Amino acid sequence: MGIFHGIRCIPTTTVDAEQAEALALLEAIKWAKEVELKEVNFEGDCNNVVMVVNGHRKAIHWTNNNIIEDCIYLLGQFEFWSCSFVKRTVNNAAHVAAKFSIEFPVKTDWNNSYPTGIEDYIQADKKAI
């Protein structure tokens with residue numbers, strides 16, 4: 001289990017869940033670089049995205065390749081990184097945070113904090129791991 005650093009909500013439009021997860025990973029990687037983290041572990045509930053980032057090149061739709069290539073390039077700049085699949089049942093906090101982005105028309109950050117109403121989901125996800 002890692003350290004919680006905050007939540008970033010970025011409103012965007014995607015064609016499907018896989019693309020949304022790929023873009024979410026890319027933005028999380030960029031944020032980790034922004035705050036100068038050296039060792040990172042990213043978790044996602046889209047197994048296709050996690051698999052391709054970890055080297056299984058045929059796991060995603062070809063239209064998401066450029067997003068994944070950007071992820072892999074940026075990940076190479078960390079001292080250590082990992083990307084793990086977690087079931088949706090233990091990733092509810094991320095799902096709720098994604099829904100928050102609908103309410104905020106601009107990029108919104110909660111550094112070392114989180115929006116009201118999400119704490120219960122974070123605690124439940126920690127217990128489920």
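Novice: Before we go on, may I ask you to explain the environment of Asn41 in this structure?
Specialist: Mapped onto the fold, Asn41 is located in strand β2 (residues 39-44). Overall, the relative accessible area of 43% leaves Asn41 in the partly exposed class. Taking the C-alpha atoms as reference, Asn41 lies 7.4 Å from Ser84; in sequence the two are 43 residues apart. Not counting residues up to four positions away in its chain, the partners in contact with Asn41 are Ser82, Cys83 and Ser84. At a separation of 2.6 Å, a polar atom in the side chain of Asn41 contacts the side chain of Ser82. At 3.5 Å, the side chain of Asn41 forms a polar contact with the side chain of Ser84.

Novice: I would appreciate a short explanation of the packing of aromatic side chains in the present structure.
Specialist: If you walk through the whole model with that rule in mind, you get 0 aromatic pairs. Sitting above the plane of the Phe78 ring, Lys33 keeps its charged end 5.8 Å from the centroid.

Novice: Would you take a moment to explain the environment of Asn65 for this structure?
Specialist: If you trace the backbone, Asn65 turns up in helix α3 (residues 65-75). Linking Asn65 and Val49, residues 16 residues apart in sequence, is a C-alpha distance of 10.0 Å.

Novice: Would you mind showing me how to read the nonpolar core here?
Specialist: Nonpolar side chains in soluble globular proteins generally cluster together in the buried interior. Ranked by size, the top nonpolar core spans 21 residues in total, and within it Leu25, Ile29, Phe42, Val49, Val53 and Ile68 carry the most contacts. If you list the elements that add at least two residues to this core, you get α1 (17-34), β2, α2 (47-53) and α3. In contact with Val53, not counting residues within four places along its chain, are Leu25, Ile68, Ile72, Leu75, Trp81 and Cys83. Grouped together as the second largest cluster of nonpolar side chains are 5 residues, Ile7, Cys9, Val96 and Trp110 included.

Novice: I would appreciate a short explanation of α3 in the present structure.
Specialist: An α-helical turn contains 3.6 residues, so any two residues separated by three or four positions project in the same direction. Along α3, the positions that sit buried rather than exposed are Ile67, Ile68, Cys71, Leu74 and Leu75. Buried residues of α3, seen end-on, are gathered within an arc of 130 degrees and therefore sit on one face of the element. Turned more than 90 degrees away from the buried face of α3, the exposed residues are Asn66 and Tyr73. Where α3 is buried, its residues meet α1, β2, α2 and β3 (80-85).

Novice: In this structure, what is going on with the pairing of strand β1 (residues 6-9)? I would like to understand it.
Specialist: Each regular strand carries side chains that alternate between the two faces of the sheet. Side-chain alternation along β1 places Gly6 and Arg8 on one buried face and Ile7 and Cys9 on a second face that is also buried. The pairing of β1 with strand β4 (residues 108-111) spans 4 bridges and is antiparallel. Residue pairing across strands places Gly6 opposite Asn111, the latter belonging to β4.

Novice: What is the right way to look at the packing of α1 against α3 in this model?
Specialist: To characterise two packed helices, one gives the angle between the axes of the helices and the distance between these axes. Contact geometry for α1 and α3: axes closest at 9 Å, N-to-C directions at 25 degrees. Judged by the inter-axis angle, α1 sits roughly parallel to α3. The element α1 and its partner α3 pack so that their crossing is left-handed. For the pair α1 and α3, contact is made by Gln19, Ala22, Leu23, Leu25, Leu26, Ile29, Lys30 and Lys33 and by Ile67, Ile68, Asp70, Cys71, Leu74 and Leu75, respectively. Its residues assigned to classes, the contact of α1 with α3 shows 10 nonpolar, 1 polar and 3 charged.

The rules behind the values
- Per chain, the residues get numbers from 1 upward, laid out in the order the sequence is written.
- This being a predicted model, a pLDDT of at least 70 is required before a residue's local features are given, and a value of 80 or more before pairs of side-chain atoms are given or counted; all residues contribute to the totals for chains, interfaces and linings.
- Just so you know, side-chain values use all the structure's heavy atoms and leave hydrogens and water out.
- What counts as a helix is a DSSP run of H or I of at least four residues, what counts as a strand is a run of E of at least two, and both are numbered from the N terminus.
- Three exposure classes are used, based on accessible area relative to the maximum for each residue type with a 1.4 Å probe and protein chains only: buried under 20%, partly exposed in between, and exposed over 50%.
- Contacts are assigned to residue pairs with any non-hydrogen atoms lying within 4.5 Å of each other.
- Throughout this description, a polar contact denotes any pair of N or O atoms lying within 3.5 Å of each other; where both atoms belong to protein, one of them has to be capable of donating a hydrogen while the other can accept it, and for residues adjacent in sequence the pair is counted only when both atoms sit in side chains.
- Classification of ring pairs rests on two measures: the distance between centres of Phe, Tyr or Trp rings, Trp counted by its six-membered ring, which must be within 6.5 Å, and the angle between planes, read as stacked under 30 degrees, edge-to-face over 60 and tilted in between.
- Two conditions define a charge sitting above a ring: the NZ of Lys or the CZ of Arg must be within 6 Å of the ring centre, and it must be within 35 degrees of the ring normal.
- Among the buried residues, those of types Ala, Val, Leu, Ile, Met, Phe, Trp, Tyr and Cys that are joined through side-chain atoms within 4.5 Å form a nonpolar core.
- The arc in question is formed by the directions pointing from the helix axis toward the C-beta atoms.
- Strands are labelled as partners when DSSP assigns at least two bridges between them.
- Every axis in this analysis is a line fitted to C-alpha atoms, fitted for helices over the stretch in contact. Angles between the N-to-C directions lie between 0 and 180 degrees.
- Any angle that falls under 35 degrees is termed roughly parallel, while one over 145 is termed roughly antiparallel, one within 65 to 115 roughly perpendicular, and all others oblique.
- Working rule for handedness: look at the near helix, and if it is turned counterclockwise from the far one by less than a right angle, call the crossing left-handed; if clockwise, right-handed.
- Charged residues are taken to be Asp, Glu, Lys and Arg, nonpolar residues to be Ala, Val, Leu, Ile, Met, Phe, Trp, Tyr, Cys and Pro, and polar residues to be all remaining types, Gly included.

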